[in-house]
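# Working through the structure, step by step
In case you want the letters, here they are:
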Amino acid sequence: MSREKSVHRRTVLRAAAGTGVLLTLSPGLLLTGCDGGVKAVESETLGLDSDEYDVELNLHAMPDSVPILPGAPSEVWRYRAELLKGPQNTVTENPDSYLGPTIRLRHGQTVKIHIHNELPEDTTVHWHGLHVPSDVDGQPRLPIRPGETMTVGFEVLDRAGLFWYHSHAHGKQGGRVGFQSYAGLAGLLIVEDEEEAGLKLPSGDNELLLVLQDRTFAGNNELVYMGGGMGSMMDRMHGFIGDRVLANGAPPTTRKVATGPYRIRVLNGSNARIYKLAWSDGRPVPVIGADGGLLQEPEDRPYAVLAPAQRLDIWVDLSESQPGDTLELISDRFQAGMMGGMGMMGSNALPLGSRFPLARLEVSKSVEASEPLPAQLGVQRQKILVNSNTRIRRFELSPVMMRGFAINGRRFDGTNVADDEKVRLGDTEIWEFHNNTPMPHPMHIHGLQFNVVGRRGGSSDSLQQGLVDSGWHDTVLVMPRETVQVAMKFERFDGLYIYHCHNMEHEDAGMMRYFQVRG
Ligand code: C2O
Ligand code: CU
C-alpha cells in the first residue's frame, strides 16, 4: 500500500534498465524550462467565433495512475473529459486505461473545448488530421502553460473518419511529443456523417476500435522511455521501440465475437513502430478506409501497413465461422530498409519487424447472416485534380550527423518559414518527399487530407504490397530511398501549419518545419 503510494507521488518514467538513468516526472525536475507556478488563465476562444456551440467539453491533461500490467499500477499522463453540452455519446471514457476518452463528433457540428493543463510542464493538444484553423491546431507556438486553460473552438469540416488527438509540445530544450504521448496523452476522435451512416457498416458491438502502441516497463511496472548514452542515441536514430505491444492501453486480449461482419478501426499511436496487419490464417485483409475516411471501394490486400499516426479501417466477415473458432489479427514479420529492419535492436524483446498478436477474436455465438460489404463506399469527395502544370514542391529527407534528420537541409526552427515553405491559399500543389536515408519516415502534413499521386525508387521489400495509397491521408510512409508524391489543396484557412516526420523521436529531434499558407 505505502509502496503504491510512493510510486504514485513520484510519478516515474524510467530510462532503460541497465543504464542507471532515471527520468522522473517529479515537478522539481520537470518545471525546468517552464515558468512554474500555477495560474488560472482563461484565454479567449481561439479559432471559430460563435455564440452557440453544438458541443462543449472540458479536457484535462493530468497525471494519473492506472493498471496496465498485473501488479502495481503505472504512473501515466492522460486526458480526461467532461461533456458540458452535446449528445451523450460525444465522450466515451476509457476509465481503466491511460488512453484519453474517445470523442465522437458529427460533420457540421461546432465544438468548443476548454483544455486544462494540469501537468507540470507545457503542453498542447493537436487534432491530428482535422481541417481546423491554424490557431486551434495545437501547435508548439501556442503552448498551454502548467495550470492554464486554453479554449479552442472549431467547426467539424471533415467527412467521416477516424482521427486522433495528442500532445504536440516543443520547447527550447526540444520536442516533448514523444515523451508526452508515450506517457499517455493521446485519444481517438471519430467523425461521423450522413453518407457513412447511410452505408450501414457494422456498428455497435460489431465496430472494434484498436489503438496500437508499444511500451517498455521496468520492474514495478514503471513506464520506461529512452535509454541513456548509446541506448538513447539508438532510440533517437530509430525512434523508440517498446518491448511489448499494447492494444487500447492493455496487453492484447481475446474478444468474444459473433458470426457476421466486423469493422475494425485501427490507429497506430506508437512513437515509431510500424505494423504489418494480417490475419493469422492468411486470409486477405479487406481495407475499407484510411486516415481521411472511407475509400472509394474496398481493397483486398495480403496485409496492410500501418505507420505511426496512420489509421486503417478494415473489415472481416466471420459469417462462415463456427462457435469456438478463433482468428488472430497479427503484425507480421517484415524488413523495412537496412537500419529500420530487424536485427538492429539487438536487446529489444520485440524488434521492429517481428511477428506478434494484436487481437484475438473468439467466435462465441451464431447470428443470422447480415448485410454484405457494399461494393462502393466513399462517393462524395472527389480526388484532387492534378496535371502537368501543377506545381511540384520538393523535400529531401536527409541525415544530419549525430543529430537526427533534416528536411531540405533544415531542422525545426520555431515559426521561421523559408521562402520555399510558403504556399498560397486556394492553390493545389504536389509535394514530393525524397527519402535519402536508410530509414522509413511517416511524413505528416497538418490541417488537410491529401491524395498519394505515386511512388518510385523504393526497393521492393516485404511491406510494398500493403501500402494503402488510395483514398485520403494525412500521413504517408516514405520508404528508404523512395520518392513519394502527394497532392493537396490549401483551402479555407491561411496561417502557419506544420509538416514533419511522425516518428516522434525524429520529430522531437527536429525533423519538423512550419509552412505558411498565405491568403
Ligand atoms: Cu499527429 Cu504534428 O502530429
Ligand atoms: Cu522520420
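Definitions and limits used
Residues numbered from 1 in each chain as written. Chains lettered and ligands numbered in written order. Predicted model: local features only at pLDDT ≥ 70, side-chain atom pairs only at ≥ 80, totals over all residues. Heavy atoms only, no water. Helix = DSSP H or I, 4+ residues; strand = E, 2+ residues; numbered from the N terminus. Buried < 20%, exposed > 50% of the residue type's maximum accessible area, 1.4 Å probe, protein only. Contact = heavy atoms within 4.5 Å. Areas by Shrake-Rupley, 256 points an atom, 1.4 Å probe, with all protein chains shown as cover. Donors = N, O, S within 2.8 Å, 3.2 Å for Na, K, Ca; no water. Core = buried A, V, L, I, M, F, W, Y, C linked by side-chain atoms within 4.5 Å. Pairing = 2+ DSSP bridges. Phe/Tyr/Trp six-rings, centres within 6.5 Å; stacked < 30°, edge-to-face > 60°. Lys NZ or Arg CZ within 6 Å of the ring centre and 35° of its normal. pLDDT = per-residue confidence, 0-100. Salt bridge = Lys/Arg side-chain N within 4 Å of Asp/Glu carboxyl O.

For the chain, the helix and strand inventory stands at six helices and 36 strands. When each of the 519 residues of the chain is scored for burial, the buried share is 59%. Taking all contacts inside the chain whose residues are at least 6 apart in sequence as the whole, residues at least 24 apart take part in 78%. Entry remark: accessible area of the chain is about 20400 Å², with carbon and sulfur atoms responsible for 49%.

Attention shifts here to the coordination of the copper ion (ligand 2). For the copper ion (ligand 2), the full set of protein donor atoms is His 441 (ND1), Cys 501 (SG) and His 506 (ND1), at a range of 2.0 to 2.1 Å. When the donor residues of the copper ion (ligand 2) are listed from N- to C-terminus, their spacing reads H-x59-C-x4-H. With His 441 in strand β31 (residues 441–445) and Cys 501 in strand β35 (residues 495–501), this residue pair connects regions lying 60 residues apart in the sequence. In this structure His 441 comes out as buried when scored by relative accessible area, which is 0%.

With 55 residues, the main nonpolar core has Leu 59, Ile 113, Trp 127, Phe 154 and Leu 189 as its most contacted residues. The next biggest cluster of nonpolar side chains, apart from the first, holds 32 residues, and it includes Leu 295, Leu 329, Leu 350 and Ala 359.

This brings us to the environment of Leu 208. By secondary structure assignment, the location of Leu 208 is in strand β15 (residues 207–217). Of the residues examined, Leu 208 reaches a relative accessible area of 8% and is grouped as buried. Taking the C-alpha atoms as reference, Leu 208 lies 8.3 Å from Val 266; in sequence the two are 58 residues apart. Setting aside residues no more than four positions away along its own chain, Leu 208 makes contact with Arg 255, Tyr 262, Arg 263, Ile 264, Arg 265 and Leu 361.

Strand order in this open sheet of five strands is β6-β7-β14-β11-β9, and the pairing throughout is mixed. Two strands bound the open sheet, and with one partner strand each, they are β6 (91–92) and β9 (126–128). Two strands pair when backbone bridges link them, and strand β11 (residues 161–166) and strand β14 (residues 186–192) are joined in this way by six bridges, in the antiparallel orientation. Following the sheet pairing, His 166 is matched in β14 by Ala 186.

Further remarks concern the packing of aromatic side chains. Two measures describe an aromatic ring pair: the distance that separates the ring centres and the angle between the ring planes. The tally for this structure, following the rule as stated, stands at 19 aromatic pairs. When the centroid spacing of 6.1 Å and the interplanar angle of 80 degrees are considered together, the rings of Tyr 275 and Phe 356 count as edge-to-face. Within this pair, whereas Tyr 275 is found in strand β20 (residues 275–279), its partner Phe 356 is found in strand β26 (residues 356–365), the two being separated by 81 residues in sequence. Exposure class is identical for Tyr 275 and Phe 356. Each is buried. The ring of Tyr 182 has Arg 215 lying over it, and the distance from NZ or CZ to the ring centre is 4.4 Å. Its guanidinium or amino end placed over the ring of Tyr 303, Lys 276 lies 4.2 Å from that ring's centre, counting from NZ or CZ.

Turning to the confidence of the model for the chain, a few remarks are in order. Regions with low pLDDT should not have their predicted coordinates read in detail. Of the residues in the chain, 88% reach a pLDDT of 70 or more, and the chain-wide mean stands at 88. Confidence drops under a pLDDT of 50 for residues 1–42, and excluding neighbours within four residues, the segment shows 82 contacts in the predicted structure.

It is worth spelling out unusual backbone geometry at this point. Across residues other than glycine, the phi torsion is negative in most instances, and most of the peptide bonds are trans. Here Lys 200, not a glycine, exhibits a phi torsion of approximately 50 degrees, which is positive. Within the secondary structure, Lys 200 sits in the loop between α4 (194–198) and β15. Classification of Lys 200 as exposed rests on a relative accessible area of 61%. For Ala 309, which is not glycine, the phi dihedral falls at a positive 80 degrees. Relative to the assigned elements, Ala 309 resides in the loop between β23 (304–306) and β24 (311–317). Judged by relative accessible area, which is 1%, Ala 309 ranks as buried.

Here we come to the pattern of salt bridges. Applying the stated criterion across every chain yields a total of 32 salt bridges. Between Glu 52 and Lys 85 there is a salt bridge whose closest N-O contact spans 3.1 Å. Here Lys 85 lies in strand β5 (residues 74–85) and Glu 52 lies in the loop between β3 (46–47) and β4 (55–66), a separation of 33 residues in the sequence. Residue class for Lys 85 comes out partly exposed when judged on its relative accessible area of 33%. Residues joined by salt bridges that share partners form a network here, namely Arg 104, Arg 106, Glu 192, Glu 194, Glu 196, Glu 207, Arg 263, Arg 265 and Asp 313.

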